[in-house]
Amino acid sequence: MPDGATPVLDVKNLKTVFATRSGEVHAVNSVSFDLRPGELLGVVGESGSGKSVTMMSLLGLLPSPPAEVRSGTVMLGGRDILKIGAEELRNVRGREVGFVFQDPMTSLNPVFTVGFQLCEPLRKHLGMSKAQARNRAVELLELVGIPDARRRLGDYPHQFSGGMRQRVMIAIALACDPKVLIADEPTTALDVTIQAQILELVKELRQKLGMAIIWITHDLGVIAGIADRVMVMYGGQVAEHGPVREVFANPAHPYTRALLQTMPKMHGARDAKLRVIEGQPPMLTRHPTACPFMARCAHAFDRCGRENPARRDIGHAHDVACHWDHTTAAPLTAAEASA
Amino acid sequence: MTETPMTDRRKLVEVRDLKMHFPILGGILRRQVGAVKAVDGISFDIFEGETLGVVGESGCGKSTAGRAVLRLYEATAGSIRIDGEDIATLPAEVLRKKRPAMQMVFQDPQASLNPRMTVAGIIGEPLDEHTNWDRKKKLARIYELMDAVGLNRDFANRYPHAFSGGQRQRIGIARALALNPRFIVCDEPIAALDVSIQAQVVNLLEELQDQFGLTYMFISHDLSMVRHIADRVAVMYLGKIVELAPVSRLYDHPLHPYTEALLSAVPEPDPSLERRKDRIVLKGDVPSPANPPKGCNFCTRCPKVMDICREQEPETVEAVPGHFVACHLISHPQTAGRTGGTEAEHNQMKTQQGEVA
């Protein structure tokens, strides 16, 4: 992957396995990606594609057992954060990496005021005094567009609407000026008009603060609007990755192509019938020696069952994990495959 | 208008001034101190064989409307005529006999299927209730239904947990079809499903509609999916229908500022289009339906709000034949040229000239 600046976050060959009664679930299988300063990386996938588990693995947020981060490196600020101790990792979370979760109601503590929850990271991580923390908390709430911020510090989460709660979550995640913000389906629980507000806010914050963002979603429309690069995940693996315009204009993986086709359009002629991706997402209990999308793929051939495709570069900073060549609409030749 | 005149077609469902208010109780004596006006006076028709999409954000009353139409709630006021009969006033025993003709598909296929019943038991339950068929005949019907919705017959004796979300929704659809209904309310049937599974279920609903001549009320917050499946669309905001029009008309020429904002808020999977778009971002949140604002319900967030909007509730007018809208911009001659149009077929939808200057 060609890149300009040194990445703020560099993930290589991350593997996460869950031990279950029916065997090991390979939830994240050799995922690699990087995140450059100031950019927004969109991660798309369906439930069970491994997008959330990948991000939680990075920060040691998964309960172990059953989860086990089996291998990989996660370089952040010059060190591998998979290898550091629990105490140091706690300093990474919240301070260097902010996290916004999907459901703002369950991720805020209902028995503490919003002010308390905002001041907590400021006092713990930055050692601010109570008064300093409160002033900073007011600034943060104003930053995310909550009116009458000073008064609202004393309110409890239930006194905020869904969109406002998500703004509070973003304010908490931004509290310590993190280098990286990971947002896990932050607008999925919100209505479209509120989602539009949050997306505007994020665009604005990026301009003001310039942090790097990983935005997880299942909505390709959201990605199209805000991301610089996009990474499509399927069955615990990266199926396709590249600059957002490039991937949407020239989707190379049959899954991405199908996904874009199944979505009904808001403009132009209505399709008589929606294109569908037949079948179900894969069970990840067997170690994937085959391509995970094979059973649902219109272009699958014998090699897809024998060999899990590796990611290959197809130019324009775009890579795809597939044995099928979308430019010729034919299987890759042996020479191409080994290149 | 390219669509055929609606009046030529038979109305299967006629809803007039439907209100569904939930009481708020307070004080020691638990007296009613207010009401959540979840649905506050909506009127619409659904023609035989068509799909009426109902869109709006959470809390706008679209699901409540769907449930009230099937009389799963006792409506506070209004009439609901299904196939010519006002079901809002029918006694329970008579209503029960009518139930087979009107069914519902629920949002959450996990919560709406009994985990202790097998698939055959779930799909067959309406048959147990409403027919006196013998086991063999019932089983034959169950298999027939499973075939119709694309479920493998071999799984008839499995329990819901063994199925994926999309398959569970197929079970729910098979159950709704069991008694040969004519009208099905689909309450967010795809909201809980993954993107790649949504298209499968929507295609199934469309195939079944063609096959059995079904009429749908399709409730959803997914505007692009509604554009695909619906023939006409009603947009709800805070318990009221603000706009109702044929689908192409609504998406290409929305008249109500809320519809405009709602449509522009939908993110589209096309980066070049997405970034060029002039998005209307609404300020603030939806007011509480327990305490709606004076005048037009949308006046607190409307980018085109006028003085009259804070005073007077807009009447629903038929701006263009078949295109109904409740907005002062349309009905108030000072600010917008009235497009006129025939007098509404709904008697309470009469155009009233605003007397406020």
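Thresholds, definitions, all that
Residues numbered from 1 in each chain as written. Chains lettered and ligands numbered in written order. Predicted model: local features only at pLDDT ≥ 70, side-chain atom pairs only at ≥ 80, totals over all residues. Heavy atoms only, no water. Core = buried A, V, L, I, M, F, W, Y, C linked by side-chain atoms within 4.5 Å. Buried < 20%, exposed > 50% of the residue type's maximum accessible area, 1.4 Å probe, protein only. Helix = DSSP H or I, 4+ residues; strand = E, 2+ residues; numbered from the N terminus. Contact = heavy atoms within 4.5 Å. Pairing = 2+ DSSP bridges. Axes fitted to C-alpha atoms, helices over the stretch in contact; angles between N-to-C directions. Expected span 1.5 Å × (residues − 1). Polar contact = N/O pair within 3.5 Å; in protein donor to acceptor, adjacent residues only side chain to side chain. pLDDT = per-residue confidence, 0-100. Parallel < 35°, antiparallel > 145°, perpendicular 65-115°, else oblique. Left-handed = near helix turned anticlockwise from the far one by under 90°. Patch = residues over 30% accessible without salt bridge, like charges linked within 9 Å, V, L, I, M, F, W, Y side chains within 5 Å. Areas by Shrake-Rupley, 256 points an atom, 1.4 Å probe, with all protein chains shown as cover. Salt bridge = Lys/Arg side-chain N within 4 Å of Asp/Glu carboxyl O. Buried area = accessible area lost by both parts, 1.4 Å probe. Nonpolar A, V, L, I, M, F, W, Y, C, P; charged D, E, K, R; others polar. Phe/Tyr/Trp six-rings, centres within 6.5 Å; stacked < 30°, edge-to-face > 60°. Lys NZ or Arg CZ within 6 Å of the ring centre and 35° of its normal.

Draft legend 1. Spotlight on the nonpolar core. If you look at the biggest cluster of nonpolar residues, it comprises 75 residues, and the most contacted ones within it are Ile173, Leu223 and Tyr251 of chain B. A per-element tally of this core places helix H6 (residues 195-212) of chain B first, with seven residues. Dropping the residues within four chain positions of it, Leu223 of chain B is found in contact with Val192 and Met266 of chain A together with Val55, Tyr251, Leu262, Leu263 and Val266 of chain B. Membership of the second largest hydrophobic core comes to 66 residues, among which are Ile194, Tyr255 and Phe301 of chain A together with Val195 of chain B.

Draft legend 2. Quick look at the sheet that holds strand S1 (residues 11-26) of chain B. All names here are of chain B. Strand order in the open sheet made by the four strands is S2-S1-S4-S5, with antiparallel pairing throughout. Every other strand in the sheet has two partners, leaving strand S2 (31-47) and strand S5 (85-86) as the edge strands with one partner each. Here strand S4 (residues 77-82) runs beside S5; their pairing, made up of two bridges, is antiparallel. Pairing of Arg81 across the sheet is with Asp86, part of S5. The strands touched by helix H1 (residues 62-69) are S1, S2 and S4; relative to S1, the strand with the most contacts, the crossing angle is about 115°.

Draft legend 3. Seen up close, helix H5 (residues 130-143) of chain A. Residue and element names in this part refer to chain A. End to end, H5 covers 20 Å across 14 residues, agreeing with the expected 20 Å (1.5 Å per residue, within 8%). Of the positions making up H5, those classed as buried are Ala133, Ala137, Val138, Leu140, Leu141 and Leu143. Taken together, the buried residues of H5 touch helix H4 (114-126), helix H6 (149-152), helix H7 (162-174) and helix H8 (192-209). Positive backbone phi, approximately 80°, marks Gly145, located one or two places after H5.

Draft legend 4. Just the side chain of Gln209 of chain B, in detail. Residue and element names in this part refer to chain B. Secondary-structure assignment places Gln209 in helix H6. For Gln209, a relative accessible area of 12% puts it in the buried group. From its side chain, Gln209 meets the backbone oxygen of Gly49 in a polar contact 3.4 Å long. Those residues within four positions of Gln209 in sequence are excluded, and the remaining contacts are Gly49, Glu50, Thr51, Leu214, Thr215 and Tyr216.

Draft legend 5. The confidence of the model for chain A, seen in detail. Counting all residues, the mean pLDDT for chain A is 87, and 96% of those residues have values of 70 or more. Averaged over each element, pLDDT in chain A is lowest for helix H13 (residues 334-338) of chain A (57) and highest for strand S9 (residues 229-234) of chain A (95).

Draft legend 6. Highlighting the sheet that holds S9 of chain A. Residue and element names in this part refer to chain A. As summarised here, the arrangement of the eight strands in space is S6-S7-S8-S3-S9-S10-S12-S11, forming an open sheet in which the pairing is mixed. Strands with a single pairing partner mark the edges of an open sheet, and in this sheet they are strand S6 (97-100) and strand S11 (312-313). Along the sheet, H7 makes contact with S6 and strand S7 (180-184), crossing S6 at roughly 170°. Its contacts with the sheet place H8 against strand S3 (40-44) and strand S8 (212-217), and it is angled at close to 160° to S8.

Draft legend 7. The packing of H4 of chain A against H7 of chain A, seen in detail. Residue and element names in this part refer to chain A. Packing of H4 against H7 leaves a shortest axis separation of 8 Å and a crossing angle of 20°. Relative to H7, H4 is oriented roughly parallel. The hand of the H4/H7 crossing is right-handed. For the pair formed by H4 and H7, the contact residues are Val114, Gln117, Leu118 and Pro121 on the first element and Val168, Ala171 and Ile172 on the second.

Draft legend 8. Representation of unusual backbone geometry in the model. All names here are of chain A. Omega for the peptide link from Ser64 to Pro65 comes to -10°, which places this bond in the cis form. Within the secondary structure, Pro65 is located in the loop between helix H1 (51-58) and strand S4 (67-76). Across the junction of Pro65 and Pro66, the peptide omega takes the value 5°, indicating a cis bond. On the secondary structure map, Pro66 appears in the loop between H1 and S4. Unlike most non-glycine residues, Asn13 shows phi in positive territory, near 50°. Within the secondary structure, Asn13 sits in strand S1 (residues 9-20). Look at Ala329: it is not a glycine, yet its phi comes out positive at around 55°. Mapped onto the fold, Ala329 is located in the loop between strand S13 (324-325) and strand S14 (330-331). The exposed category is assigned to Ala329, whose relative accessible area is 53%.

Draft legend 9. Spatial organisation of a nonpolar patch on the surface. Residues and elements named next belong to chain A. Taken together, the side chains of Val111, Phe112 and Phe116 define a hydrophobic patch exposed on the protein surface, amounting to about 280 Å² of accessible area. Here Phe112 lies in the loop between helix H3 (104-107) and H4. Residue Phe112 is classed as partly exposed on the basis of its relative accessible area, which comes to 35%.

Draft legend 10. Highlighting the interface of chain B and chain A. Between chain B and chain A, the residue contacts involve 43 residues of the former and 48 residues of the latter. Buried surface at the junction of chain B and chain A, summed over both partners, amounts to about 3,800 Å²; 56% is from carbon and sulfur atoms. On the chain B side of the contact with chain A, Arg227, Pro269 and Arg275 of chain B bury the most area, a combined 17% of that side's loss. Joining chain B to chain A, the criterion identifies one salt bridge. Between Lys273 of chain A and Glu207 of chain B there is a salt bridge, with its nearest N and O atoms 3.0 Å apart. Linking chain B to chain A there are 11 residue pairs in polar contact (both at pLDDT 80 or more). Looking at the side of chain B that touches chain A, the elements with two or more residues in it are H6, helix H7 (223-229), helix H8 (247-252), helix H9 (257-265) and helix H10 (271-276) of chain B. Broken down by element, the side of chain B that touches chain A gets its largest block of residues, nine residues, from H6 of chain B. Here the side of chain B that touches chain A is built from residues that sort into 20 nonpolar, 10 polar and 13 charged.

Draft legend 11. Representation of the packing of aromatic side chains within the structure. Applying the stated criterion across every chain, the model contains 10 aromatic pairs over all chains. Pairing Tyr237 of chain B with Tyr258 of chain B gives two aromatic rings, centres 4.5 Å apart and planes at 55°, and the pair type is tilted. Highlighted residues: Tyr237 of chain B in strand S9 (residues 232-237) and Tyr258 of chain B in helix H9, separated in sequence by 21 residues. Each member of the pair, Tyr237 of chain B together with Tyr258 of chain B, is buried. The interplanar angle of 65° and the centroid separation of 5.1 Å between the aromatic rings of Tyr258 of chain B and Phe298 of chain B together place this pair among those described as edge-to-face. Placement of the pair is Tyr258 of chain B in helix H9 and Phe298 of chain B in the loop between H10 and helix H11 (307-311), with a sequence separation of 40 residues. Taken as a pair, Tyr258 of chain B and Phe298 of chain B share a single burial class, namely buried. One aromatic cluster in this structure is built from Tyr234, Tyr255 and Phe293 of chain A. The aromatic ring of Phe160 of chain A is capped on one face by Arg152 of chain A, whose charged end is 4.0 Å from the ring centroid.

Draft legend 12. Representation of the pairing of S1 of chain B within the structure. Residues and elements named next belong to chain B. The sheet contact formed by S1 and S2 spans 13 bridges and is antiparallel. Counted as the bridge partner of Pro23 is Ala35 from S2. Adjacent in sequence and paired antiparallel, S1 and S2 are bridged by four residues, among which Gly27 carries a positive phi angle near 75°. Of the strand pairs in this sheet, S1 and S4 are connected by five bridges, and their pairing is antiparallel. Opposite Glu14, over in S4, you have Arg81 as the bridge partner.

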